[in-house]
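# Coordinate inspection notes
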Amino acid sequence: MCLLSYFPPEATPDPGALRLGAAVNPHGHGFAVIAAPEHRIIVGHGMHAEKVIDRFLAVRDRYPAGAALFHSRYATQGVHGIDNCHPFRLGGDARTVLAHNGTLPKRVRPRAYDRRSDTRIAAEDYLPTMPFGSIDTHRGARGLETWLGPSKLVLLTIDPAYQQSAYLFGERAGVWDDGIWYSNTTYQAVARRRMRRLVCRCCARLDLDRVGRYCTRCGWCFACEGIFPHCDCTSPATPDPVDIDHEPAQVRFSHAPMNGLPPAS
């Protein structure tokens, strides 16, 4: 899933939105800020959301005049670790960085024993070859957006070879809120409540693939809290299994929260 946030020049970050997005997307965080007066890009990464967010807010407060981005990762490919935290240098050039939200085409997905994420592979190996031409041309920008599909990508640069310092691809698939662009709505409190309903309280997994009453990993029943097929769901009056915010009054199991999300109450 991930959450990618883009801040135009002078846009002030919303700390609450960053923290909500980080709680739902807990597998590493990173930011980039163009320090315009110093003609450099300040980049930070980390696995602990609060530390990275605090650092980003401090840097952004000092350098509000340039564009910035913040990324919280929900890993789908590549190992969990700081090396796979966005943003990534484009072709190893510290003057240009990019961050992405979504799943990229098979061409850049990691093969066996490759511990990198698809975005990291794209930034290191594929996109530096300019496969679509210059993104400053209509043809190049359209080619990149077509390749991205429903994905979104933000690129920040101080390289004079580019006509702009910030590029946003897949803008229409995201949302603008108070002058800040977000790749999806996981920064909102209501989105967090919806995500909580997908957290299995038996194995503590965020089960994004579940469509029925049972956890796809351990078989736990969200309605009666038994393990499939030995659950006690025999009455059609059983509460909605998807909405664990309206679970039975007696809770048989107590499990530690996952990904910074508190157990439903």
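Here the structure is a predicted model, which is why all the values come from computation and not from measurement. (Residues numbered from 1 in each chain as written. Predicted model: local features only at pLDDT ≥ 70, side-chain atom pairs only at ≥ 80, totals over all residues. Heavy atoms only, no water.)

## Looking at the packing of helix α1 (residues 15-24) against helix α2 (residues 49-62)
To characterise two packed helices, one gives the angle between the axes of the helices and the distance between these axes. How we decide: Lines fitted to the C-alpha atoms define the axes, with helices restricted to the stretch that makes contact. Angles between their N-to-C directions range from 0 to 180 degrees. Think of it this way: any DSSP run of H or I at least four residues long counts as a helix, any run of E at least two long counts as a strand, and we number them from the N terminus. Angle categories are assigned with fixed cut-offs, so that under 35 degrees is roughly parallel, over 145 is roughly antiparallel, 65 to 115 is roughly perpendicular, and the rest are oblique. For any pair of crossing helices, the crossing counts as left-handed if the nearer helix is rotated counterclockwise from the farther one by less than a right angle, and right-handed if it is rotated clockwise. Any two residues whose heavy atoms approach within 4.5 Å are treated as being in contact. Three categories are distinguished: nonpolar for Ala, Val, Leu, Ile, Met, Phe, Trp, Tyr, Cys and Pro, charged for Asp, Glu, Lys and Arg, and polar for the others, with Gly belonging to the last.
At a minimum axis separation of 10 Å, α1 and α2 run at an interaxial angle of 150°. Comparing the axis directions of α1 and α2 gives the class roughly antiparallel. Considering only the axes of α1 and α2, their crossing is right-handed. Across the interface between the two elements, P15, L18, R19 and A22 from α1 touch A49, E50, I53, D54, F56 and L57 from α2. When grouped by side-chain class, the residues that make up the contact of α1 with α2 number 7 nonpolar, no polar and 3 charged.

## Side note on the pairing of strand β2 (residues 29-35)
Test applied: With a 1.4 Å probe rolled over the protein chains alone, any residue whose accessible area is under 20% of its type maximum counts as buried; one over 50% counts as exposed, and the rest are partly exposed. By definition, two strands form a pair when at least two bridges between them are found by DSSP.
The element β2 is extensively covered by neighbouring structure, given that 7 of its 7 residues are classed as buried. Where β2 and strand β3 (residues 40-46) come together, 7 bridges link them in antiparallel fashion. Bridged to H29 within β3 is G46. Linkage of β2 to β3, two consecutive antiparallel strands, is achieved through a turn of 4 residues, within which H39 is found at a positive phi near 50°. Across 5 bridges, β2 lies against strand β4 (residues 68-72) in antiparallel orientation. Residue pairing across strands places A32 opposite L69, the latter belonging to β4.

## Examining the sheet that holds strand β9 (residues 175-177)
Within the open sheet, the 6 strands sit side by side as β3-β2-β4-β1-β10-β9. Their pairing is antiparallel. Each edge of the open sheet is held by one strand with a lone partner, namely β3 and β9. The mean angle between the axes of side-by-side strands here comes to 15°, regardless of whether they run parallel or antiparallel. Bridge analysis of strand β1 (residues 3-7) against strand β10 (residues 180-182) gives 2 bridges, and the strand direction is antiparallel. Following the sheet pairing, S5 is matched in β10 by Y182. Packing of α2 onto the sheet brings it into contact with β1, β2, β3 and β4, and relative to β2 it is tilted by some 10°.

## Some words on the sheet that holds strand β7 (residues 152-157)
Strand order in this open sheet of 4 strands is β5-β6-β7-β8, and the pairing throughout is antiparallel. Each having just a single partner strand, β5 (88-90) and β8 (166-169) make up the two edges of the open sheet. Mean inter-strand twist for the sheet, computed between neighbouring axes without regard to direction, equals 25°. When strand β6 (residues 93-101) meets β7, the two strands line up antiparallel, connected through 6 bridges. Counted as the bridge partner of V97 is L156 from β7. Along the sheet, helix α4 (residues 138-148) contacts β6, β7 and β8; its crossing angle with β8, the most-contacted strand, is approximately 45°.

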